[in-house]
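Observations on the three-dimensional arrangement
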Amino acid sequence: MSSILIKNGTLATATGTCLADVYIVDEKVNTIGQNLQMQADLVIDATGKIVFPGGIDPHVHLDMPFMGTYSSDNYETGTRAALHGGTTTVIDFVLQTQGKSLYSALEEWRKRSDGNALGDYAFHMAVTDFNDQTKAEIKDMIVKEGISSFKTFMAYKGALMIDDRQMIGLMNEVKAQGGIVTVHATNGDMIDFLVAKHRSEGKLSPLYHYLSQPEITESEASARFADMAFYTGVTPYIVHMTCEGALNAIRNATFRNQKVFVETCMQYLILDASLYENDFEGAKWVMSPPLREKKDQEALWAGLNQGLVQVVGTDHCPFMWDQKKMGEKDFSKIPNGHPAVEHRMELLFSEGVKKNKISLNKFVEVSSTNAAKIFGMFPRKGTIAVGSDADIVIFDPEEKHTLSASTHHMNCDYSGYEGWEVTGKCKTVILRGQVAIDNGSVKVNKGYGSFIKRGESSLVI
Ligand SMILES: [Zn+2]
């Protein structure tokens with residue numbers, strides 16, 4: 001038996017804030033109360049610190065195969081960087097290969113993940129080819145494998161995209177089995193048209209990546225996805241929403257009392273498309289969907305407070321600068337994605353809580369609790385409560401630091417936030433009762449991270 005007593009901290013959850021001590025035995029929170037007097041192997045004085053649940057980033061791509069190469073963070077480096085930034089659990093995406101089974105993709109992903117992670121991880125299953133064989137695998141994915149969310153792509157025709165007929169079929173089956181359907185909502189055909197048009201006109205810089213995916217491609221598809229989900233009754237979730245138009249489509253869906261869960265990502269709240277104007281430098285932020293406008297940032301912050309946006313993730317998918325250069329002469333060949341998992345919690349606190357855009361409790365809700373609830377991990381994950389996993393961040397709300405590729409822990413040789421000033425730092429990070437990060441140094445080994453089997457999701461959280 002091992003034990004930790006966290007004394008004198010300000011405990012923050014999604015529902016409230018109080019001064020309380022937290023006593024941890026082995027992997028679980030054992031007792032919460034004032035002036036706890038238990039003997040413990042380790043006593044941490046959290047005076048002046050905030051104690052909140054370990055973050056959950058439900059959108060990362062570690063060691064992801066892409067164009068003959070891989071995203072540059074593997075399960076070891078990616079989950080280690082996540083822990084440094086207070087994220088104790090990540091959910092990665094298994095990508096089915098069209099023509100093959102879901103299980104063959106899962107086996108392939110497990111070869112790269114199992115035994116390699118420092119932090120806890122779970123999987124979404126990306127269904128890229130829905131047919132009678134894959135339909136028969138859905139139930140086992142949920143019941144046997146603990147993979148209860150199914151990702152779909154309305155983009156990347158010929159590789160990942162499914163058509164609306166397959167979408168409806170998948171939604172029917174996932175609803176019957178108690179899962180959730182998530183989507184990269186965009187109009188893939190419109191984008192294909194615009195990419196081809198820009199290339200034929202010799203418009204090849206990263207700016208045209210942005211101009212090939214206008215807001216309407218996302219708002220149209222978000223509305224269509226919500227309609228199909230409404231028709232089938234499945235629980236729907238839109239990943240990485242970026243813009244006002246798409247959010248308005250979901251606001252409309254609420255008028256018929258439909259619940260459509262929405263995730264945005266940290267970068268869409270604080271970065272904008274002006275970054276694409278600096279020639280190839282803009283490749284650092286080439287991702288899909290692209291960064292948008294200032295008015296979209298305002299809409300998304302408002303959406304968090306309106307309860308229309310429930311989750312802030314990252315879509316962490318880093319590539320080294322040399323990998324980005326594959327698209328130096330053609331924006332359509334730039335690998336999509338950027339390094340982000342390490343900075344999500346601190347940026348959201350600094351830009352959101354410190355700047356009075358969201359409350360401390362909303363911060364906990366959208367960085368941890370809601371993801372745990374929506375993806376079937378609550379109350380094991382996503383809160384600090386008696387019996388929950390002791391996944392806890394002890395956070396200094398005043399410490400200032402500067403983000404840089406020279407100090408971050410992600411395996412990427414550039415930062416999307418070089419020189420960005422942040423207020424607030426994760427000082428101690430505890431994962432299942434073990435100190436994982438202590439004042440910048442790592443205390444757990446590769447292999448400590450566990451695969452988390454998830455349960456059914458719910459339409460109400
Ligand atoms: Zn993604």
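You'll find the structure just up there.
Heads up: these notes are all about the structure in this document.

1. A short note on the overall build of the protein chain
From N to C terminus, the protein chain includes 13 helices and 19 strands. Along the first, second and third principal axes, the C-alpha set of the protein chain runs to 70 × 50 × 45 Å. Taken across its 461 residues, the protein chain has 61% of its residues classed as buried. The long-range share in the protein chain, meaning contacts at least 24 apart out of those at least 6 apart in sequence, stands at 76%. Summed over all atoms, the accessible surface of the protein chain reaches about 16700 Å², with 50% contributed by carbon and sulfur. Positive and negative charge centroids in the protein chain, built from 46 and 56 side chains respectively, lie 2 Å apart.

2. A word on the packing of helix H4 (residues 164-177) against helix H7 (residues 215-232)
Their axes nearest at 10 Å, the elements H4 and H7 cross at an angle of 45°. By the angle class used here, H4 and H7 are oblique. For the element pair H4 and H7, the recorded crossing hand is right-handed. The segment H4 lies against H7, with Asp164, Met167, Ile168, Met171, Asn172 and Lys175 engaging Arg224, Phe225, Met228, Ala229, Tyr231 and Thr232.

3. Observations regarding the side chain of Gln310
Topologically, Gln310 is positioned in the loop between helix H10 (294-306) and strand S15 (311-313). Assessed through its relative accessible area of 5%, Gln310 is described here as buried. Separated by 2.7 Å, the side chain of Gln310 and the backbone nitrogen of Val262 make a polar contact. Other than its neighbours up to four places away in sequence, Gln310 contacts Lys259, Val260, Phe261, Val262, Glu365, Val366, Asn370, Ile374 and Ile461.

4. A closer look at the coordination of the zinc ion
On the protein side, the zinc ion has His59 (NE2), His61 (NE2) and Asp315 (OD) as donor atoms, found 2.1 to 2.2 Å from it. Of the residues examined, Asp315 reaches a relative accessible area of 11% and is grouped as buried.

Scoring rules and cut-offs
- Residue numbering note: each chain is counted from 1, following its sequence as written.
- Local features are withheld for residues below a pLDDT of 70 in this predicted model, meaning they are given only at 70 or higher, and side-chain atom pairs are given and counted only at 80 or more; totals for whole chains, interfaces and linings count all residues.
- In computing side-chain values, all of the structure's heavy atoms are included and hydrogens and water are not.
- Only DSSP runs of H or I with at least four residues qualify as helices, and only runs of E with at least two residues qualify as strands; both kinds are numbered from the N terminus onward.
- Exposed residues in this analysis have more than 50% of their type's maximum accessible area, buried residues have under 20%, and partly exposed residues fall in between, with area computed by a 1.4 Å probe over protein chains only.
- By the convention used here, residues are in contact when the closest approach between their heavy atoms is within 4.5 Å.
- The method behind every accessible area is Shrake-Rupley, applied with a 1.4 Å probe, and residues are considered shielded solely by the protein chains displayed.
- Asp and Glu count as negative and Lys and Arg as positive, but His and the ends of the chain are not part of the count.
- For charged residues, the charge sits on one atom: NZ in Lys, CZ in Arg, CG in Asp, CD in Glu.
- Lines fitted to C-alpha atoms define the axes here, with helix axes fitted over just the stretch in contact, and angles between the N-to-C directions of these axes take values from 0 to 180 degrees.
- Every angle not falling under 35 degrees, over 145, or within 65 to 115 is termed oblique; those three ranges are roughly parallel, roughly antiparallel and roughly perpendicular.
- Left-handed describes a crossing whose near helix is turned anticlockwise from the far helix through less than a right angle; right-handed describes the clockwise counterpart.
- Definition of a polar contact: a pair of N or O atoms within 3.5 Å, with one able to donate and the other able to accept a hydrogen when the atoms are protein atoms, and with sequence-neighbouring residues admitted only if both atoms are side-chain atoms.
- Each metal site lists N, O and S donors within 2.8 Å (3.2 Å for Na, K and Ca). With water left out of the atoms, a site can look as if it is missing ligands.

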